[in-house]
Amino acid sequence: MRIMSFIDKIKSLFETNVMFRQIITNNKDIQFITEEQTAKLQKVLLQMMKDIHFVCEKHSLTYFLGGGSCLGAVRHKGFIPWDDDIDVIMPREDYDRFPALLNAEFPEKYFYEEIRINEKYDANFMKIRLKGSVCREIFESDPENAGIFIDINPLENVYDNSFLRKLHGYTCELLLLICSCVRLKNNAPLIRPFITDKKQIAVIERKLRLAKLLSFFSLRKWLLITEKRMSSCKNINSSFVSIPTGRKHYFGEMQPRETFEKAVLTDFEDTEFYIMCGYESYLTGLFGEDYMTPPPESSRERHAVTELKFPENK
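This one's a predicted model, so the numbers in the text were calculated from it and none came from an experiment. (Residues numbered from 1 in each chain as written. Predicted model: local features only at pLDDT ≥ 70, side-chain atom pairs only at ≥ 80, totals over all residues. Heavy atoms only, no water.)

**Topic: the overall build of the protein**
Phase 1 of the analysis: The helix and strand inventory of the protein stands at 10 helices and 13 strands.
Phase 2 of the analysis: Going through the 314 residues of the protein one by one, you find that 49% of them count as buried.
Phase 3 of the analysis: Summarising the internal contacts of the protein: among those between residues at least 6 apart in sequence, 70% fall at separations of at least 24.
Phase 4 of the analysis: Accessible surface, the protein: about 16,100 Å² in total, of which carbon and sulfur atoms supply 53%. (Helix = DSSP H or I, 4+ residues; strand = E, 2+ residues; numbered from the N terminus. Buried < 20%, exposed > 50% of the residue type's maximum accessible area, 1.4 Å probe, protein only. Contact = heavy atoms within 4.5 Å. Areas by Shrake-Rupley, 256 points an atom, 1.4 Å probe, with all protein chains shown as cover.)

**Quick look at the pairing of strand β11 (residues 271-276)**
Phase 1 of the analysis: In this sheet, β11 lies alongside strand β10 (residues 263-268) in antiparallel orientation, the contact comprising 6 bridges. In the sheet register, D267 faces β11, and the bridge partner there is E272.
Phase 2 of the analysis: What sits between the antiparallel neighbours β10 and β11 is a turn of 2 residues, in which E269 has the positive phi angle 55°. (Pairing = 2+ DSSP bridges.)

**Remarks on helix α3 (residues 35-58)**
Phase 1 of the analysis: Across its 24 residues, α3 extends 35 Å between first and last C-alpha, which sits within 8% of the 34 Å expected from 1.5 Å per residue.
Phase 2 of the analysis: Positive backbone phi, at 60°, marks S60, one or two positions downstream of α3. (Expected span 1.5 Å × (residues − 1).)

**Concerning a nonpolar patch on the surface**
Phase 1 of the analysis: Taken together, the side chains of F163, L164 and L167 present a nonpolar region at the surface, about 280 Å² in accessible area.
Phase 2 of the analysis: By secondary structure assignment, the location of L164 is in helix α6 (residues 162-191).
Phase 3 of the analysis: Judged by relative accessible area, L164 falls into the partly exposed class, the value being 36%. (Patch = residues over 30% accessible without salt bridge, like charges linked within 9 Å, V, L, I, M, F, W, Y side chains within 5 Å. Salt bridge = Lys/Arg side-chain N within 4 Å of Asp/Glu carboxyl O.)

**Quick look at empty space enclosed by the protein**
Phase 1 of the analysis: In total, this model carries 1 cavity of 30 Å³ or more according to the counting rule given.
Phase 2 of the analysis: The wall of the largest cavity is formed by G252, E253, Q255, Y282, G285 and L286.
Phase 3 of the analysis: Looking at the lining of the largest cavity, the element that brings in the most residues is helix α10 (residues 279-287), giving 3 residues.
Phase 4 of the analysis: Here the residues of the lining of the largest cavity sort into 2 nonpolar, 3 polar and 1 charged. (1 Å grid on protein atoms, 1.4 Å probe; cavity = no way out; pocket = protein on both sides within 12 Å on 5 of 7 lines; lining within 4 Å. Points joined across faces, edges and corners; volume = space filled by probe spheres on them. Nonpolar A, V, L, I, M, F, W, Y, C, P; charged D, E, K, R; others polar.)

**Observations regarding α10**
Phase 1 of the analysis: When we look at burial in α10, the residues that qualify are Y282, L283 and L286. Taken around the axis of α10, the buried residues stretch over an arc of 90°, which confines them to a single face.
Phase 2 of the analysis: Looking one or two residues beyond α10, the residue adopting positive phi is G288, at roughly 95°. (Arc of directions from axis to C-beta.)

**Some words on the packing of α3 against helix α5 (residues 92-105)**
The packing of two helices is summarised by the inter-axis angle and the distance between the axes.
Phase 1 of the analysis: Where α3 meets α5, the closest approach of the two axes is 10 Å, and the angle between their N-to-C directions is 110°. Classed by the angle they form, the pair α3 and α5 counts as roughly perpendicular. Note on element contacts: α5 touches α3 through F98, L101, L102 and E105, opposite I52, F54, V55, C56 and K58.
Phase 2 of the analysis: Along the lines of polarity and charge, the residues of the contact of α3 with α5 split into 7 nonpolar, no polar and 2 charged. (Axes fitted to C-alpha atoms, helices over the stretch in contact; angles between N-to-C directions. Parallel < 35°, antiparallel > 145°, perpendicular 65-115°, else oblique.)

**A few points about the layout of surface pockets**
Phase 1 of the analysis: In this structure, the second largest pocket occupies an estimated 380 Å³ of space.
Phase 2 of the analysis: Lining of the second largest pocket is provided by 19 residues; of these, P91, L155, N157, I236 and R257 occupy positions nearest its centre.
Phase 3 of the analysis: For the lining of the second largest pocket, the secondary-structure elements that each account for two or more residues are α5 and β7 (149-158).

**Focus on the nonpolar core**
Where a protein is soluble and globular, its nonpolar side chains tend to be buried together.
Phase 1 of the analysis: Of all hydrophobic cores here, the largest spans 54 residues; its most connected members are M49, L65, M90, F98, I148, F260 and Y282.
Phase 2 of the analysis: The contacts of M49, once residues within four sequence positions are left out, are Y63, L65, I86, V88, I150 and F273.
Phase 3 of the analysis: In this structure, L175, L177, A211 and L214 belong to the second largest nonpolar core, which totals 12 residues. (Core = buried A, V, L, I, M, F, W, Y, C linked by side-chain atoms within 4.5 Å.)

**Things to note about the environment of K185**
Phase 1 of the analysis: With respect to the helices and strands, the residue K185 is situated in helix α6.
Phase 2 of the analysis: Linking K185 and E205, residues 20 residues apart in sequence, is a C-alpha distance of 9.5 Å.
Phase 3 of the analysis: Excluding residues that lie within four positions of it along the chain, K185 makes contacts with L208 and A211.

**Some thoughts on the environment of L71**
Phase 1 of the analysis: Mapped onto the elements of the fold, L71 is located in helix α4 (residues 67-75).
Phase 2 of the analysis: For L71, a relative accessible area of 4% corresponds to the buried category.
Phase 3 of the analysis: Distance in space between the C-alpha atoms of L71 and Y282 is 9.6 Å, their sequence separation being 211 residues.
Phase 4 of the analysis: Once residues within four sequence positions are removed from consideration, L71 is found in contact with H76, I80, L283, F287 and Y291.

**Things to note about the packing of aromatic side chains**
Phase 1 of the analysis: Overall, the coordinates contain 12 aromatic pairs when judged by the stated rule.
Phase 2 of the analysis: Between F106 and Y110 the ring centres are 5.8 Å apart and the planes differ by 80°, which places this aromatic pair in the edge-to-face class.
Phase 3 of the analysis: Centre to centre, the rings of Y170 and F251 are 5.2 Å apart; their planes meet at 50°, and the pair counts as tilted. Taken together, the residues Y170 in helix α6 and F251 in helix α9 (residues 249-252) connect sequence positions 81 residues apart.
Phase 4 of the analysis: Owing to a relative accessible area of 24%, Y170 belongs among the partly exposed residues under this scheme.
Phase 5 of the analysis: Three or more aromatic residues joined by ring pairs form one cluster here, namely F54, F106 and Y110.
Phase 6 of the analysis: We note K127 situated over the ring of F149; from NZ or CZ to the ring centre the distance is 3.6 Å.
Phase 7 of the analysis: Here the basic side chain of K221 rests over the ring of F217, its NZ or CZ set 5.8 Å away from the ring centre. (Phe/Tyr/Trp six-rings, centres within 6.5 Å; stacked < 30°, edge-to-face > 60°. Lys NZ or Arg CZ within 6 Å of the ring centre and 35° of its normal.)

Here you go:
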């Protein structure tokens, strides 16, 4: 617990969520997605998810709705009304197989971004993007190919040995922090004009100093190192699993394997998608024991974009 408290303190020194809210507020070219756009976007995402479900069913791949999408399935039987994205979790073996199978089934409809095949991509989770659409976020690694997307996060095995598990977790956390710092260094010229708060300026400078020390590797190299480390445990029967790229990172997203032991169909809008059998444990870990109670409007997550364009006839 003491070590985890120390790690949390270190992470708080580099926290940039407030900074990004300032960028959105101070940049007239960035806009929050409106309620009307959200409703339209949900229809597009629902069809994309139906296609993902089709591929996984046909090829015997396992997936689970994750994050707010899982919460929406349980609490609302579909999208959280104000939610404008879909999150998916896949066991590492299925995660690695999925892109080629999606491409084989829908070669003209989708493309995917993944660090091992796209030199411009800058994240350790996969994005499935819809061709003929645009959903351009604040800092796109490949602005010319920024279609409407669904995020897919790998579910990683966790070492049974306590020492190896902690070592695995700490190095994953550290590497993700390094990637965040180096990524910020690449985007710093675009960020600085919109940050006026002294505390956030201090956070930026702190991350840039660390990034300078680590500049002997490129961001892509750090991302590839991180990817290899996250997937290093090959024990598919380990007692625990984790989603290091999730919102709460390695230790915050660690669950007993039983939580994900079975995928169960549940209602979602006009269809059914899979969630984990132990969704109570998963959702409590992410959102707290009162996850069935919607948050006040002021606390509801909203996403911002610089451009949003829907595909024709979708």
